[in-house]
Amino acid sequence: MSEQDIQNLALKAFVYGFPLVESMGKTYEMGTSPDVPLGAPVNTFGRTSLFIDAEACPRLGIVSPNDDTLYQLAQVDAGKEPLVLHVPATGDRYYVMQFVDAWSNNFAYVGKRATGTAEGEFLLVAPGWQGEVPAGMPVIHAPTRVFTINGRFAVAGEEDVPNVEALQDQVWLTPLSRYPGKPDTSNRTIGDWPLPGPDPAVPDDLLFWEKFRVWSQTFPPDPSEAGYLGQFAPLGLCEEKSPYVNADPSLAAVLRDAQQEGLAMLNEEIPTILPLNEQWGDTRDLFNYNVHFFEIGTIDSPEWKIADPQTRYVMRGIAALIGLWGNHAYEAYYPATYNDNEGQSLSGEYTYILHFNQTPPVEAFWSVTMYDVPRYYLVDNPLNRYSIGDRTPGVQYNDDGSLDIFIQHDSPGPDRESNWLPAPAGQFRPILRMYMPDSGVFEEGQWHMPSIERVEEPGSDLP
């Protein structure tokens, strides 16, 4: 192969492998490190009872968090034997348990939209498992032995946290051999997980490629992609032993350059691959890269699949970069914007109105959350209000049922503070979240997503 061919191949390999390395890296970190937020021993749920606020973001390093839900995550290894997942009855409360494989594909959902809110149990099995299933228990087959369960429970403010904690207490995993007994966690310690890892002798600047090599062999992609992965053999990714400990200098240079170039390319592709809808980045396709494996709660339909493989791999890489482990849009839809209706950057030196003729049609709830730029942290403000939506106490609707949200740095005045979404002094990026969006959200002419309109002069009062 020519030098240019090797460079092109390495760039293609980086885009393909980036989601695996990001996803499994986070999985391994959360399953083995006691200091990582939501970390817990393998096959055990870690959770947060912390209502995220502006102070918590920099302390925990949480980027673009929501204050709509509390998280509960488990890093699952079903390789030794299947596990039983128990979920509680949640009444009218929204929740979701999202299943994500090693390659970052969403392959199953349990929760209000997918399976309802009644108490339930599900058998989780690794590829190739055959055995007896407890009578009446639904089975969720995983495409990779190791996967993540990303749980979210709706929370209505800090005072609602104890109610969510009571539900989190009732979520558990137990080995099938122990069922119907609950899990025995008395001797479990985080860090005890013999997951295959990179050769420690590999230098840091080639560690990405070593992780890609190890984890792509441990957790193979769908069989239909075996040939695509196999083309990367000249880069050393198919070797049984690491070729990166004492790598050929010319190959090492190509791999290092490809990693840098690949990250830059994914960032550059974001605005082109996520189209604008009234200046909001349309993320409905962002997590539609799973086309092979559909279990409980997923929708196996063409409109929720990216048909072209190259577009699919780029989109999967972008999702891993900006929204790892995000939901399909039919579960939760997350448009975000940096710009006002004229395409100008949003900034706290101006005042804005977000006017909904019709509020977002959802079966659960919706919110608009404020973030600063470039950190994407929640914004400190005198109301301690980080989002506004259909569950915000005191929000005032217009006589015709429409809604105005006032977005600015300083208070719009006592008579409008009920509808004020505080902004930072500098640039900002809001996210509109729609949980269980109605199908009309995605159908042209059914619902209009409004842009954020700027008042003409800096510091002027809203009309």
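As recorded in an unreviewed UniProt entry, the protein chain goes by DUF1254 domain-containing protein and comes from Methanoculleus frigidifontis.

Residue placement: Pro127 occurs in the loop between β6 (120–125) and β7 (139–141). Measuring from C-alpha to C-alpha, the distance between Pro127 and Ala78 comes to 8.9 Å, with 49 residues separating the pair along the chain.

In this structure the tally under the stated criterion is 29 aromatic pairs. Seen from their ring centres, Tyr16 and Trp103 are 5.2 Å apart, and the 50° between their planes marks the pair as tilted. With Tyr16 in helix α1 (residues 3–32) and Trp103 in the loop between β4 (95–101) and β5 (106–111), the pair connects residues that are 87 residues apart, well separated along the chain. Of the two residues, Tyr16 and Trp103, both sit in the buried class. Ring centres of Tyr16 and Tyr313 lie 5.0 Å apart, and the angle between their planes is 85°; this geometry places the pair in the edge-to-face category.

On to the side chain of Ser347. Here Ser347 is to be found in the loop between β12 (332–333) and β13 (352–356). Judged by its relative accessible area of 9%, Ser347 is buried.

Bringing the packing of α1 against helix α4 (residues 207–218) into the picture now. Across the interface, α1 lies against α4 with an axial gap of 9 Å and an inter-helix angle of 75°. With respect to each other, α1 and α4 are oriented roughly perpendicular. Contact residues: Ala10, Ala13, Phe14, Tyr16, Gly17, Phe18, Leu20, Val21, Met24 and Gly25 in α1; Phe208, Trp209, Lys211, Phe212, Trp215 and Ser216 in α4. For the contact of α1 with α4, the residue count by class is 12 nonpolar, three polar and one charged.

Now for the pairing of strand β3 (residues 83–87). With respect to burial, β3 is a largely interior element, five of its five residues being buried. A two-sided burial pattern is seen for β3, the buried positions comprising Leu83, Leu85 and Val87 on one face and Val84 and His86 on the other. Across five bridges, β3 lies against β6 in antiparallel orientation. Of the residues in β6, the one forming a bridge with His86 is Glu121. With four bridges joining them, β3 and strand β9 (residues 172–175) adopt antiparallel strand pairing. If you follow Leu83 over to β9, its bridge partner there is Pro175.

Looking now at the sheet that holds strand β16 (residues 403–408). What links the strands of a sheet is backbone hydrogen bonding, and the strands pair in either a parallel or an antiparallel sense. In spatial order, the strands read β17-β16-β13-β19; together these four strands make up an open sheet with mixed pairing. Either end of the sheet is taken by a strand with one partner, and the two such strands are β17 (420–422) and β19 (452–454). When the angles between neighbouring strand axes are averaged without regard to direction, this sheet yields 30°. The sheet contact formed by β13 and β19 spans three bridges and is antiparallel. Bridge pairing links Tyr352 to Arg454 in β19.

Bringing the nonpolar core into the picture now. If you look at the biggest cluster of nonpolar residues, it comprises 50 residues, and the most contacted ones within it are Trp209, Phe212, Phe232 and Leu235. Elements supplying a minimum of two residues to this core: α1, α4, α5 (226–230), α6 (249–273) and α7 (309–322). The biggest single contributor to this core is α1, with 11 residues. Beyond its immediate sequence surroundings of up to four residues, Phe232 is in contact with Leu9, Lys12, Ala13, Tyr16 and Leu237. One finds Tyr377, Ile405, Leu432 and Ile452 within the second-largest nonpolar core, a separate group that totals 48 residues.

Within the fold, Gly31 resides in helix α1. Classification of Gly31 as buried rests on a relative accessible area of 1%. Along the primary structure Gly31 and Gln259 are separated by 228 residues, whereas in three dimensions their C-alpha atoms are 26 Å apart. Gly31 has contacts with Ala40, Pro41, Val42, Gln75, Ile190, Gly191 and Trp193, leaving out every residue within four places of it along the chain.

Let us look at the pattern of salt bridges. Pairing between side chains of opposite charge can happen when the charged atoms of each approach one another. Scanning the model with the defined rule gives 11 salt bridges in all. Across the salt bridge formed by Arg47 and Asp169, the nearest N and O atoms sit 2.6 Å from each other. Highlighted residues: Arg47 in strand β1 (residues 45–47) and Asp169 in the loop between α3 (161–168) and β9, separated in sequence by 122 residues. Residue classification places Asp169 among the exposed positions, given a relative accessible area of 52%.

Further remarks concern the UniProt feature "domain: DUF1214" (unreviewed entry) in the protein chain. With numbering aligned to this structure, UniProt lists the feature "domain: DUF1214" (unreviewed entry) at residues 331–438. With 0% helix and 31% strand, the stretch residues 331–438 has end C-alpha atoms that lie 10 Å from each other.

Rules and cut-offs
Residues numbered from 1 in each chain as written. Predicted model: local features only at pLDDT ≥ 70, side-chain atom pairs only at ≥ 80, totals over all residues. Heavy atoms only, no water. Helix = DSSP H or I, 4+ residues; strand = E, 2+ residues; numbered from the N terminus. Phe/Tyr/Trp six-rings, centres within 6.5 Å; stacked < 30°, edge-to-face > 60°. Buried < 20%, exposed > 50% of the residue type's maximum accessible area, 1.4 Å probe, protein only. Axes fitted to C-alpha atoms, helices over the stretch in contact; angles between N-to-C directions. Parallel < 35°, antiparallel > 145°, perpendicular 65-115°, else oblique. Contact = heavy atoms within 4.5 Å. Nonpolar A, V, L, I, M, F, W, Y, C, P; charged D, E, K, R; others polar. Pairing = 2+ DSSP bridges. Core = buried A, V, L, I, M, F, W, Y, C linked by side-chain atoms within 4.5 Å. Salt bridge = Lys/Arg side-chain N within 4 Å of Asp/Glu carboxyl O. UniProt positions renumbered as here; feature names shortened; annotations may be inferred.

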